[in-house]
Amino acid sequence: MEILVNDKVIMKKKHPCGSDTFKILRIGMDFKIKCEGCGREVMLPRTKVEKNIKKIIREKTNV
């Protein structure tokens, strides 16, 4: 699974605020994701994030 920084992901489970869309801020052994609904930033293990992703939304870049 190829996930890049600044990608938006839709997760299977919703955040307590009700939003299921998160922005990827950092990638490594842990992922740092930011809730698009309330702005809360969370660090989660890579395996947990990859398992719970429903869809990846990638913005087109002009390179």
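Calculation criteria
- Residue positions within a chain follow its written sequence, with the count starting from 1.
- Restriction of local features to residues with pLDDT of at least 70 applies here, the model being predicted, together with a cutoff of 80 or more for giving and counting side-chain atom pairs; totals for whole chains, interfaces and linings are based on all residues.
- Values reported for side chains reflect all heavy atoms of the structure, with hydrogen atoms and water molecules removed beforehand.
- Pairing between strands is defined by DSSP: at least two bridges between them are needed.
- Every helix listed is a DSSP run of H or I at least four residues long, and every strand listed is a run of E at least two residues long, numbered separately from the N terminus.
- Comment: axis = line fitted to C-alpha atoms, over the contacting stretch for helices; angle = value between 0 and 180 degrees taken between N-to-C directions.
- What counts as a salt bridge is simple: a side-chain nitrogen of Lys or Arg found within 4 Å of a carboxyl oxygen of Asp or Glu.
- Partly exposed describes any residue whose relative accessible area lies between the buried limit of under 20% and the exposed limit of over 50%, with all areas from a 1.4 Å probe on protein chains only and scaled to the type maximum.

**Overview of the sheet that holds strand 1 (residues 8-11)**
Line of reasoning, step 1. The five strands lie next to each other as 4-3-2-1-5, forming an open sheet whose pairing is antiparallel. Of all the strands in the sheet, just strand 4 (41-45) and strand 5 (53-57) have a single pairing partner and so form its edges. Geometrically, the sheet is characterised by an average inter-axis angle of 35 degrees between neighbouring strands, direction not taken into account.
Line of reasoning, step 2. In this sheet, strand 3 (residues 30-35) lies alongside strand 2 (residues 21-26) in antiparallel orientation, the contact comprising four bridges. Residue pairing for strand 3: Ile24 is matched across the bridge by Ile33.

**Focus on the pattern of salt bridges**
Line of reasoning, step 1. Within this structure, the stated rule accounts for four salt bridges.
Line of reasoning, step 2. With a shortest N-O distance of 3.6 Å, Glu36 and Lys8 are connected by a salt bridge. Highlighted residues: Glu36 in the loop between strand 3 and strand 4 and Lys8 in strand 1, separated in sequence by 28 residues.
Line of reasoning, step 3. Residue classification places Lys8 among the partly exposed residues on the basis of a relative accessible area of 25%.
Line of reasoning, step 4. One salt bridge in this structure joins Glu50 and Arg46, with 2.9 Å as the shortest N-O distance. Of this pair, Glu50 and Arg46 both sit in helix 1 (residues 46-52), separated by four residues, roughly a single helical turn.
Line of reasoning, step 5. Using a relative accessible area of 29% as the deciding quantity, one classes Arg46 as partly exposed.

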